[in-house]
Amino acid sequence: MIRHAIETGRPAVSDFFVGRGTGRPVVAVAAPAMQAGHITRVVVLVMDPARMSEELRIMGLSGTAFASVADSQGRILARSRDHERFVGTVPPSREVPETERARGVFRSQSVYGEPAIYASQTLRAAPGWTVVVAEPYERYQATWVWPLAALAGSAALALATGLAVAAKLARRVLRPITALARQAEALAEGHEDRGGTPASGVAEFETLRLASEQAEAALVAREAEYRAIFETAGAGVAEQDVRTRYYLRVNRRFCEIVGRSQDELIQHLRPSDIVHPDDWDRSPSMRALSIGVETEEECRLVRPDGAVVWVRVSAAVSERDRQGRPLRVVSVVQDVTERRRAEEARAVLAREVDHRAKNALAVVQAAVRLAPKDDPAAYAKAVEGRVTTLARAHTILADAQWTGADLRVLAEAELEAFLSGMEQAGESGPVVDLDGPPVVLVPAATQPISMALHELATNAAKYGALSAPGGRVTVSWSVDTEAGLLRLCWSERGGPPVQGPPSRRGFGSRLIETTLARQLGGSIRSDWQPEGLVWEAELPLVRSVRGGQAHVAK
């Protein structure tokens, strides 16, 4: 019976059988519940045929007429008279050829051993069941003494009455079955059956009707709760059809992540339409659709404007058919773009810090090795000053999260160390002027330029403009985008007269040449004028300024 209901998608009824637990005659009715063209559950009702017998008795048949219901094997399920005596038996009327029975009215011997005339009607919604109304043939024959017209009228009336009674009884028995089946289908499809389920005189049907209505109310409440959670979830949720691979349902957050509306997605797009082509083979949604397994992975989605979004997707089969084949897949999507960017930034920062640390250690090693060692105090001061300069440069880079250093801030920090001890000198102390547009140095250029400024300031404090109260140092810079160069100029005035270039190249000169010329590919020129040193450097923009030729800090 249940298999028949599943295979046909229509209500099915059983034949007569005896219950194992009760030992009483019983029959069963199965009503399938459909959802999206698939049967999701079957509602089964088992009832005592005596209930149908009561329904037959209250029909109020007159005289010696009786009514009965038989199963597909011809066994009596219920009778209006002598139900307990004949239930489960096959009456003599079943021996009438099927061709005669199919006409609806036929003559046969009754279970009482007397001839009778029968009117029968098969139940379309209960295949195999038949409702029969019978009248003893002797009573029927007694009417033949009437005129032929009266006889014909009486026969027609008897036939019409029998058929009407059979039809009415069929509707009464099947009405609850049909209503319950309709309501089960509505529940499975997730909407309310506005037709309702009518009350039934059969107690079992009435119990099932009330239970079905309660189940419907509970399902509506759960559906409302589910929809509220689905639409307000912080993660994107999408459901796809395995056969077509189209999106069937998406929530608001999913639309925000992929940059598309529900109308654009549902029944129009597939996961392959929004997943980055390079990530097709690792997309959890596409893998779940293809092989039907639960999977979780990070992949990239492409928005309509071309923007790439990193997401973490968990996908699993949400519905299977009777053979276990996947029908639908649900995916939960979380935007992890910011986390991925942060991880990439940390990786770049770690590499940059490692590179800068190695360079700093190399400079310290050179400072320790090349600084004059004949005067221990001067040696310690020289090494300490250069290490302090490296530390200042690292601090400025760290404050900017190793994205670069502002050239003015770097120059102020380096020269302030030489002027802080002269603050009490007032107006007669040396003066430093800084002149140039906003420029952000790349991390790789920050340390070399900082060391160059330190060496120039150290030399000026010993022999040049920073050694005299009226001295003036001007540090200027400019950006030549056409030539692709950053131009730096250190100019001294007001210090002791310069006699000419030094007789030998010191450690500072060699350090400047190593860091600026060799590391950054720049060129250096020193002009020892009588008024003071003029030092100039030209550095490639692409190796010194953030953004190269295309970018100068605003």
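Overview of the structure. If you're wondering where the values come from, they're calculated on a predicted model, not measured in any experiment.

Digging into the overall build of the chain
Piece 1. Across its full length, the chain holds 17 helices and 21 strands.
Piece 2. Within the span of the chain, comprising 554 residues, buried residues form 42% of the whole.
Piece 3. At a minimum sequence separation of 6, the contacts of the chain that also span at least 24 residues come to 53%.
Piece 4. As presented, the chain carries roughly 29,100 Å² of accessible surface, and 53% of it is formed by carbon and sulfur atoms.

Overview of the sheet that holds strand 8 (residues 115-122)
Piece 1. Reading across the sheet, the 5 strands line up as 6-5-9-8-7 and stay open at both edges, with antiparallel pairing between neighbours. Each having just a single partner strand, strand 6 (76-79) and strand 7 (105-109) make up the two edges of the open sheet. The average angle at which neighbouring strand axes cross in this sheet is 30°, direction not considered.
Piece 2. Relative to strand 8, strand 7 runs antiparallel, the two sharing 5 bridges. Note that in strand 8 the partner of Ser 108 across the bridge is Ala 116.
Piece 3. Along the sheet, helix 2 (residues 49-57) makes contact with strand 5 (66-70) and strand 6, crossing strand 6 at roughly 40°.

Looking at unusual backbone geometry
Piece 1. For Asp 82, which is not a glycine, the phi torsion comes out positive at approximately 55°.
Piece 2. Counting through the fold element by element, Asp 82 comes out in the loop between strand 6 and helix 3 (83-86).

Some details on the packing of helix 14 (residues 407-419) against helix 15 (residues 443-463)
Piece 1. In the contact formed by helix 14 and helix 15, the axes pass within 10 Å of each other and the chain directions differ by 30°. The two elements helix 14 and helix 15 cross, and the hand of that crossing is right-handed. On helix 15, the residues touching Leu 407, Leu 410, Ala 411, Glu 414, Leu 415 and Phe 418 of helix 14 are Thr 446, Ile 449, Ser 450, Leu 453, His 454, Ala 457, Thr 458 and Ala 461.
Piece 2. The residue inventory of the contact of helix 14 with helix 15, partitioned by class, reads 9 nonpolar, 4 polar and 1 charged.

Quick look at the side chain of His 83
Piece 1. With respect to the secondary-structure elements, His 83 resides in helix 3.
Piece 2. For His 83, a relative accessible area of 8% corresponds to the buried category.
Piece 3. Those residues within four positions of His 83 in sequence are excluded, and the remaining contacts are Pro 49, Ala 50, Ser 53, Leu 77 and Ala 78.

Side note on a nonpolar patch on the surface
Piece 1. Together, Ile 2, Phe 17, Val 44 and Val 46 line one region of the surface with nonpolar side chains, adding up to about 310 Å² of accessible area.
Piece 2. Take Phe 17: it is sitting in strand 2 (residues 17-18).
Piece 3. Relative accessible area serves as the criterion here: at 34%, Phe 17 is assigned to the partly exposed category.

Re the nonpolar core
Piece 1. Membership of the largest hydrophobic core comes to 36 residues, with the highest contact counts inside it found for Ile 449, Leu 488, Trp 490, Leu 516 and Trp 535.
Piece 2. Counting residues per element, the ones that place at least two in this core are helix 13 (376-399), helix 14, helix 15, strand 18 (472-480), strand 19 (485-493), helix 16 (507-520) and strand 21 (532-540).
Piece 3. When residues in this core are grouped by element, the largest group, 7 residues, is from helix 15.
Piece 4. Ignoring anything within four residues of it in the chain, the contact list for Trp 490 reads Leu 415, Leu 453, Leu 456, Ala 457, Ala 460, Val 473, Thr 474, Val 475, Leu 533, Val 534 and Trp 535.
Piece 5. With 18 residues, the next largest nonpolar core counts Tyr 247, Phe 254, Ile 257 and Val 313 among its residues.

Observations regarding the sheet that holds strand 19
Piece 1. Pairing within the open sheet is mixed, and its 5 strands lie in the order 16-18-19-21-20. Either end of the sheet is taken by a strand with one partner, and the two such strands are strand 16 (431-435) and strand 20 (523-529). Averaged over all adjacent pairs, the angle separating strand axes in this sheet is 10°, with direction ignored.
Piece 2. Here strand 19 pairs with strand 21 via 7 bridges, running antiparallel. Bridge assignment links Ser 491 to a residue of strand 21, and that residue is Val 534.
Piece 3. Together, strand 16, strand 18 and strand 19 form the strand contacts of helix 14, whose direction differs from that of strand 16 by roughly 175°.

Some remarks on the packing of aromatic side chains
Piece 1. Taken as a whole and judged by the stated rule, the model has 5 aromatic pairs.
Piece 2. Each ring, one from Phe 66 and one from Tyr 112, has its centre 6.2 Å from the other, and the planes form 80°; the classification is edge-to-face. With Phe 66 in strand 5 and Tyr 112 in the loop between strand 7 and strand 8, this residue pair connects regions lying 46 residues apart in the sequence.
Piece 3. Of the residues examined, Tyr 112 reaches a relative accessible area of 27% and is grouped as partly exposed.
Piece 4. Judged by centre distance (5.6 Å) and plane angle (85°), the ring pair of Phe 86 and Tyr 112 falls under edge-to-face. Remark: Tyr 112 occurs in the loop between strand 7 and strand 8 and Phe 86 occurs in helix 3; sequence separation between them is 26 residues.

A closer look at the environment of Gln 447
Piece 1. Position of Gln 447 relative to the elements: it lies in helix 15.
Piece 2. A C-alpha to C-alpha distance of 9.4 Å links Gln 447 and Ala 391, two positions 56 residues apart in sequence.

Thoughts on the pairing of strand 20
Piece 1. Alignment of strand 20 against strand 21, held across 7 bridges, turns out to be antiparallel. Opposite Ser 523, over in strand 21, you have Glu 538 as the bridge partner.
Piece 2. Joining the antiparallel neighbours strand 20 and strand 21 is a turn of 2 residues.

Considerations on empty space enclosed by the protein
Piece 1. Inspection of the entire model under this criterion finds 4 cavities of 30 Å³ or more.
Piece 2. Of the voids in this model, the largest cavity is the one considered here, and its volume is about 130 Å³.
Piece 3. For the largest cavity, the lining is made up of 15 residues, of which Ser 68, Pro 91, Ser 93, Tyr 118 and Val 132 are closest to its centre.
Piece 4. Going through the elements one at a time, strand 5, strand 6 and strand 9 (130-136) are the ones with two or more residues in the lining of the largest cavity.
Piece 5. When residues in the lining of the largest cavity are grouped by element, the largest group, 3 residues, is from strand 5.

Side note on the pairing of strand 11 (residues 247-250)
Piece 1. One ladder, built from 3 bridges, connects strand 10 (residues 236-241) with strand 11; its direction is antiparallel. Bridge assignment links Ala 238 to a residue of strand 11, and that residue is Val 250.

Quick look at the side chain of Ser 331
Piece 1. If you trace the backbone, Ser 331 turns up in strand 14 (residues 326-335).
Piece 2. Since its relative accessible area comes to 1%, Ser 331 is described here as buried.

Some words on the environment of Arg 10
Piece 1. Following the sequence through the fold, Arg 10 ends up in the loop between helix 1 (2-8) and strand 1 (12-13).
Piece 2. Each C-alpha atom of the pair Arg 10 and Ala 30 lies 8.6 Å from the other, and the pair is 20 residues apart in sequence.
Piece 3. Excluding residues that lie within four positions of it along the chain, Arg 10 makes contacts with Ala 5, Ala 30, Pro 32 and Arg 124.

Analysis parameters
- Residues numbered from 1 in each chain as written.
- Predicted model: local features only at pLDDT ≥ 70, side-chain atom pairs only at ≥ 80, totals over all residues.
- Heavy atoms only, no water.
- Helix = DSSP H or I, 4+ residues; strand = E, 2+ residues; numbered from the N terminus.
- Buried < 20%, exposed > 50% of the residue type's maximum accessible area, 1.4 Å probe, protein only.
- Contact = heavy atoms within 4.5 Å.
- Areas by Shrake-Rupley, 256 points an atom, 1.4 Å probe, with all protein chains shown as cover.
- Pairing = 2+ DSSP bridges.
- Axes fitted to C-alpha atoms, helices over the stretch in contact; angles between N-to-C directions.
- Left-handed = near helix turned anticlockwise from the far one by under 90°.
- Nonpolar A, V, L, I, M, F, W, Y, C, P; charged D, E, K, R; others polar.
- Patch = residues over 30% accessible without salt bridge, like charges linked within 9 Å, V, L, I, M, F, W, Y side chains within 5 Å.
- Salt bridge = Lys/Arg side-chain N within 4 Å of Asp/Glu carboxyl O.
- Core = buried A, V, L, I, M, F, W, Y, C linked by side-chain atoms within 4.5 Å.
- Phe/Tyr/Trp six-rings, centres within 6.5 Å; stacked < 30°, edge-to-face > 60°.
- 1 Å grid on protein atoms, 1.4 Å probe; cavity = no way out; pocket = protein on both sides within 12 Å on 5 of 7 lines; lining within 4 Å.
- Points joined across faces, edges and corners; volume = space filled by probe spheres on them.

Read these as spatial facts, not as claims about activity.
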